Structures are given as C-alpha cells and as structure tokens.
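# Fold and contact review
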Amino acid sequence: MVEWAGIRPYERVLEPSAGDGSIARYFPEHSDRTIVEPSSDLLSRAELRAVGAKAVGSTFEAYHIVNKHHVIVMNPPFGMGGKTAMEHLAKAARHLRPGGRIVA
C-alpha cells in the first residue's frame, strides 16, 4: 500500500486509526509522518514501529480538519455493511491537500 502511494520526500503522510502501526512502519523516513490512534496501548506499539512519527492519541473522527496531508494510507474499519469504512474514506478525503492521494 505504501509503495502504491508513491510518497515523495517531505510529503505529509497520515495513517488514521493506525492500530499498532502496521502500515505506518513502512512510511519513508524522509516524509512528515503522522499516526492517529485512540488506544494508548496500540499507539505505544505504533510509535515503536513508526519511530519519529507524530503520534495523535485520538479518534480519527476527532482529528481536526485543519490537518491536511499529501498522502493518506489506511485500512479503514469496515463496520456494518461498510458504513464505517465509507465514513472514514469521506473524512480522509477532507484531510487531503490539493492533488493528494488516498490508498485504502
């Protein structure tokens, strides 16, 4: 997924609802990396995997819309009938900078 995102040097990259950072650990170190995860246990694990990433201990739903990213790589929670996944994708789209990319 990270390879498909084509992350360029210094781009702002986000993994929302990061869990233990299974995706963010592959973000290139030359990018400005952010992980969002409400569980403090999972966030601690994600920080160990994505060393140097900015960690936000919050839900993605509460992540303020002023935060814009060039790339968002995510495995959205599916939810009932895909409803939660669609809501996460719609929110992710609002966090993109012009010309940004989502890989989900």
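Look up a bit, the structure's there.
Residues numbered from 1 in each chain as written. Predicted model: local features only at pLDDT ≥ 70, side-chain atom pairs only at ≥ 80, totals over all residues. Heavy atoms only, no water.

### Some thoughts on the overall build of the protein
This is how the line gets drawn: We count a stretch as a helix when DSSP gives it H or I for four or more residues in a row; a strand needs E for two or more, and each element gets its number in order from the N terminus. Think of it in three bands: with a 1.4 Å probe and only protein chains considered, a residue is buried below 20% of the maximum accessible area for its type, exposed above 50%, and partly exposed in between. Residues count as neighbours in contact if any of their non-hydrogen atoms are within 4.5 Å of one another. We get accessible surface area from the Shrake-Rupley algorithm with a probe of 1.4 Å; when it comes to residues, only the shown protein chains can shield them. Only four residue types enter the charge count, namely Lys and Arg as positive and Asp and Glu as negative; His and the chain termini do not. Think of each charge as sitting on NZ of Lys, CZ of Arg, CG of Asp or CD of Glu.
In terms of helices and strands, the protein carries three helices and five strands. Order of helices (α) and strands (β) in the protein, N terminus to C terminus: α-β-β-α-β-β-α-β. For the protein, the C-alpha atoms occupy an extent of roughly 35 × 35 × 25 Å along the three principal directions. Within the protein, the fraction of its 104 residues that count as buried is 41%. Once local pairs closer than 6 in sequence are excluded, the contacts in the protein between residues at least 24 apart make up 52%. Carbon and sulfur atoms form 56% of the exposed surface of the protein, whose accessible area is close to 5800 Å². Here the protein contributes 13 positively and 11 negatively charged side chains, and the mean placements of these two sets differ by 6 Å.

### Section: the side chain of histidine 95
Put simply, the rule is: The definition of a polar contact used here is a pair of N or O atoms within 3.5 Å, where within protein one atom must be able to donate a hydrogen and the other to accept one, and adjacent residues in sequence count solely through side-chain atom pairs.
Relative to the helices and strands, histidine 95 is located in the loop between helix 3 (83-94) and strand 5 (96-103). Residue classification places histidine 95 among the buried residues on the basis of a relative accessible area of 0%. At 2.8 Å, the side chain of histidine 95 forms a polar contact with the side chain of lysine 91.

### Side note on the pairing of strand 4 (residues 69-73)
What counts, and what does not: Pairs of strands are assigned from DSSP output, requiring at least two bridges between the strands.
For strand 4, the tally of buried residues reaches four of five residues, placing the bulk of the element in the interior. With two bridges connecting them, strand 1 (residues 12-15) and strand 4 associate as parallel partners. If you follow leucine 14 over to strand 4, its bridge partner there is isoleucine 72. Bridge count for strand 4 against strand 5 is four bridges, and the pairing is parallel.

### Quick word on the sheet that holds strand 5
What counts is decided by this rule: The convention used is that axes are lines fitted to C-alpha atoms, helices contributing only their stretch in contact, and that angles between N-to-C directions extend from 0 to 180 degrees.
Strand order across the open sheet formed by five strands is 3-2-1-4-5, with parallel pairing between neighbours. The sheet terminates laterally at strand 3 (54-56) and strand 5, the two strands that pair on one side only. Pairs of neighbouring strands in the sheet enclose a mean axial angle of 20°, with direction left out of account. Helix 3 rests against strand 4 and strand 5 of the sheet, and its axis sits at about 150° to strand 5.

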